[in-house]
Each structure stands twice: as structure tokens, then as C-alpha cells.
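Coordinate inspection notes
Each chain is listed here by its residues.
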Amino acid sequence: MIDLKVHYSLLPAFQSDDPIRDAILAGVKVTGVTLTQEDRIIAQYPIFITNDMHYDELKLYLEHIAGIMLPLVSEKLENNEVFEIQTLMNSKKCGNCQNCGGCH
């Protein structure tokens with residue numbers, strides 16, 4: 001598997017050690033997951049932050065999305081294939097859900 005790093009914001013925003021906290025405190029409505037390789041952005045997936053979302057809930061959701069993204073993006077990179085992250089997320093290949101309708 002290709003070595004990808006996960007960052008829990010849409011880089012270049014919130015480059016700190018706790019980007020989830022920083023996003024909540026800044027009051028942004030969109031954050032997300034960024035996968036990087038050697039300081040290059042490889043893939044990003046946006047997440048909307050609802051008004052009632054708490055830190056732990058957002059963290060779990062971002063971790064879930066990262067867990068889906070990592071193997072899918074890694075596979076595409078290993079095969080030197082072009083990909084669109086939204087297509088991958090809707091591919092029903094993550095294996096994390098029964099009766100999966102794709103991730104949203």
C-alpha cells in the first residue's frame with residue numbers, strides 16, 4: 001500500500017496539530033479530509049459541519065471517511081490510474097457498510 005498521510009482539514013486550512021478543534025473554533029461550515037504524499041495533496045473530500053456537531057462526532061466522521069479513502073486512493077495510485085474522489089466514494093467498494101449506497 002502506498003504511504004499516504006491523513007490530515008483532518010482541507011489543506012491548506014488548519015495546518016495545526018488539532019485541525020478539528022481549529023475548524024470548530026473558527027466557525028467554518030466546511031472541513032474535510034486531505035490525503036498527502038511527500039507534502040503533495042493527493043486527494044481531498046469535503047465534510048459539512050452542522051451547527052449541533054460536537055468535536056467527538058466530527059472526529060469520528062472524519063476518521064470514517066479517511067478509512068474509506070485510504071485504501072481506494074492507494075489502490076488507484078499503485079495502479080497509476082486517474083481517479084475522481086467523488087466517484088471513488090460512491091463506488092460501494094469500501095466494505096465498511098452493509099447495503100452500501102456509497103458514502104456521503
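Just above sits the structure.
Since the structure is predicted, the reported quantities are computational estimates derived from the model, not experimental observations. (Residues numbered from 1 in each chain as written. Predicted model: local features only at pLDDT ≥ 70, side-chain atom pairs only at ≥ 80, totals over all residues. Heavy atoms only, no water.)

Considering the overall build of the protein chain
When you go through the protein chain residue by residue, the secondary structure sums to 3 helices and 3 strands. Reading the helices (α) and strands (β) of the protein chain from amino to carboxyl end gives β-α-β-β-α-α. Across the 104 residues in the protein chain, those meeting the buried criterion constitute 36%. Within the protein chain, counting contacts between residues at least 6 apart in sequence, those at least 24 apart form 53% of the total. (Helix = DSSP H or I, 4+ residues; strand = E, 2+ residues; numbered from the N terminus. Buried < 20%, exposed > 50% of the residue type's maximum accessible area, 1.4 Å probe, protein only. Contact = heavy atoms within 4.5 Å.)

Focus: the pattern of salt bridges
A complete count under the given rule lists 3 salt bridges for this structure. Between Glu63 and Lys59 there is a salt bridge, with the nearest N and O atoms lying 3.4 Å from each other. Linking Glu63 with Lys59, this pair stays in helix α2 (residues 55-78), spanning 4 residues, or about one helical turn. Owing to a relative accessible area of 33%, Glu63 belongs among the partly exposed residues under this scheme. Since its relative accessible area comes to 33%, Lys59 is described here as partly exposed. (Salt bridge = Lys/Arg side-chain N within 4 Å of Asp/Glu carboxyl O.)

Let's talk about the sheet that holds strand β2 (residues 30-37)
With antiparallel pairing, the 3 strands of this open sheet are ordered in space as β1-β2-β3. The outermost strands of the open sheet, each flanked by one partner alone, are β1 (5-7) and β3 (40-48). Each neighbouring strand pair of the sheet contributes to a mean axis angle of 20 degrees, computed without reference to strand direction. The pairing of β1 with β2 spans 3 bridges and is antiparallel. Each residue of the ladder has a partner; that of Val6, found in β2, is Leu35. Those strands touched by α2 are β1, β2 and β3, and its axis lies near 145 degrees from that of β3. (Pairing = 2+ DSSP bridges. Axes fitted to C-alpha atoms, helices over the stretch in contact; angles between N-to-C directions.)

Some points on unusual backbone geometry
Omega for the bond connecting Leu11 with Pro12 falls within 30 degrees of zero, at 20 degrees, which places this linkage in the cis form. Residues other than glycine seldom take positive phi values, yet Glu38 does so here, at roughly 50 degrees. Tracing the chain through its elements places Glu38 in the loop between β2 and β3. You will see that Asn80, though not glycine, has its phi angle at about 55 degrees, which is positive. Note that Asn80 resides in the loop between α2 and α3 (85-89).

Regarding the pairing of β2
In terms of residue burial, β2 counts as a mostly covered element, since 7 of its 8 residues are buried. Direction of pairing for β2 relative to β3: antiparallel, over a ladder of 8 bridges. Each bridged residue has a counterpart across the sheet, and for Thr31 the counterpart in β3 is Ile47. Here β2 folds back onto β3 in antiparallel fashion, the turn holding 2 residues, of which Glu38 has a positive phi close to 50 degrees.

Worth remembering: the numbers are spatial, not functional.
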